[in-house]
Amino acid sequence: MSPFNLSRRAFTLGAAAGAIAFPLRSFARPDVLRLVVGFPPGGTLDFVARTIAQQFSHELQQQVIVENKGGANGVIGGEFVSRATPDMGTLWLSSVGAVAISRHLQKMTFDPLTDVTPVSLVVRNVEVLLVNVNAPYNTATELVAAARSGKPLTIASPGSGSVPHLALELLNHVAGTKMLHVPYRGGGPAVNDLMAGHVDGYFTDIPGVIGLLKSGRVKPIGLTAEDRHPLFPDIKTFKEQGIAGIDADNWNGLFAPKDSKPEDVARVSDALRRTLETPSVKAALDVSGAKPAPSSPAEMAALLKQDSAKWGKLIRERGITAD
């Protein structure tokens, strides 16, 4: 037997007789990295995780396995990671809702601003307002005019407290309308009811409905972005239509457990940047409608604080609750 026996548990010096074991917790790198997604398989966040996993494994020289821990708008996954050992064996891929919105709407066992460590921004997702293909509205301006005239309009979202939900609240606030929010448990039931004519509109992010947009089975009438989307250059932004201030960026970010070492965080952040810049990964994300957007840990931390403050202010001013 070699006098040096390396494992994740201990570093053993000497022969069997009189061997001394030293804990390796402070410097051993786990063989497997668990990339936790706070939603079930099949959604946008899960797609992003599985798109980057193989190249991320290559860049880290560490196997990356995607684990789905759904529940509470992504919060369950974050709670799990907040309790994990800070050895870069467990990371959390989160939507903005779980880290910047839910803390203002529900009691949480951890605080995303202090109990996890920002690693990097991953992708940005533009929100789009859809109506039924047979709806009389072809622009957001026409929909807003109908709402202002007193017509009761219902707008669906994938869930209460989600970015699409708050995008509607922003639209109501800016446009002076009172369109009714109809929360669903996920995007599938919401878009089905839109297509069946049971709701008047549906706010969601582009990756979740890209197939429907390309096939023309839904009608897009406004984007929550400064510029038009490269895949859908015919869809006008709200700003272009004279409705400014509808800024709802449903970004996905990567987080590590609290007390993770800065050098480890920097290493993983750099590996993620290389992953997102890999042509095959970038192409797969671009085609889905998600925009790769790697950042430094400091930039991710600043964006988290900024969006938490923005959405918290809107939630307080509009009296929004987790229905």
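Residues numbered from 1 in each chain as written. Predicted model: local features only at pLDDT ≥ 70, side-chain atom pairs only at ≥ 80, totals over all residues. Heavy atoms only, no water.

1. Things to note about the nonpolar core
Argument step 1. Counting 49 residues, the largest nonpolar core has Leu171, Trp251 and Trp311 as its most contacted members.
Argument step 2. Listing elements by their share of this core, those giving two or more residues are helix H2 (75-82), helix H3 (96-101), strand S7 (116-124), strand S8 (127-131), helix H4 (140-148), helix H5 (163-175) and helix H10 (297-318).
Argument step 3. In terms of residue count, the dominant contributor to this core is H5 (7 residues).
Argument step 4. Setting aside chain neighbours within four positions, we find tryptophan 311 in contact with Val96, Ala100, Ile101, Leu166, Leu170, Asp247 and Ala248.
Argument step 5. Core analysis: the second largest hydrophobic core is formed by 28 residues, Val64, Val66, Met88 and Val122 among them. (Core = buried A, V, L, I, M, F, W, Y, C linked by side-chain atoms within 4.5 Å. Buried < 20%, exposed > 50% of the residue type's maximum accessible area, 1.4 Å probe, protein only. Helix = DSSP H or I, 4+ residues; strand = E, 2+ residues; numbered from the N terminus. Contact = heavy atoms within 4.5 Å.)

2. Section: the domain arrangement of the chain
Argument step 1. Assigned domains within the chain: domain 1 (33-124 + 250-318) and domain 2 (127-241).
Argument step 2. Using only C-alpha atoms to locate each centre, domain 1 and domain 2 end up separated by 26 Å.
Argument step 3. Taken together, the contact pairs 16 residues of domain 1 with 19 residues of domain 2.
Argument step 4. Buried area between domain 1 and domain 2, summed over both chains or domains, comes out near 1300 Å², and the portion from carbon and sulfur atoms is 63%.
Argument step 5. Summed over the shared surface of domain 1 and domain 2, the result is 1 salt bridge.
Argument step 6. When the shortest N-O distance is used, the salt bridge between glutamate 169 and arginine 318 registers 3.5 Å.
Argument step 7. Where domain 1 touches domain 2, the interface holds 3 residue pairs in polar contact (both at pLDDT 80 or more).
Argument step 8. If you list the elements that add at least two residues to the side of domain 1 that touches domain 2, you get H3, helix H9 (279-288) and H10.
Argument step 9. By residue class, the composition of the side of domain 1 that touches domain 2 is 8 nonpolar, 5 polar and 3 charged. (Domains from an automatic or database assignment. Buried area = accessible area lost by both parts, 1.4 Å probe. Salt bridge = Lys/Arg side-chain N within 4 Å of Asp/Glu carboxyl O. Polar contact = N/O pair within 3.5 Å; in protein donor to acceptor, adjacent residues only side chain to side chain. Nonpolar A, V, L, I, M, F, W, Y, C, P; charged D, E, K, R; others polar.)

3. Overview of the sheet that holds S8
Argument step 1. Taken together, the 5 strands give an open sheet; going across it, the order is S10-S9-S11-S8-S12, and neighbouring strands pair in mixed fashion. The strands lining the two open edges of the sheet, one partner per strand, are strand S10 (180-183) and strand S12 (219-223). Sheet twist, expressed as the average angle between the axes of neighbouring strands with direction ignored, equals 30 degrees.
Argument step 2. One ladder, built from 4 bridges, connects S8 with S12; its direction is antiparallel. Looking at the pairing, leucine 129 lines up with glycine 222 of S12. (Pairing = 2+ DSSP bridges. Axes fitted to C-alpha atoms, helices over the stretch in contact; angles between N-to-C directions.)

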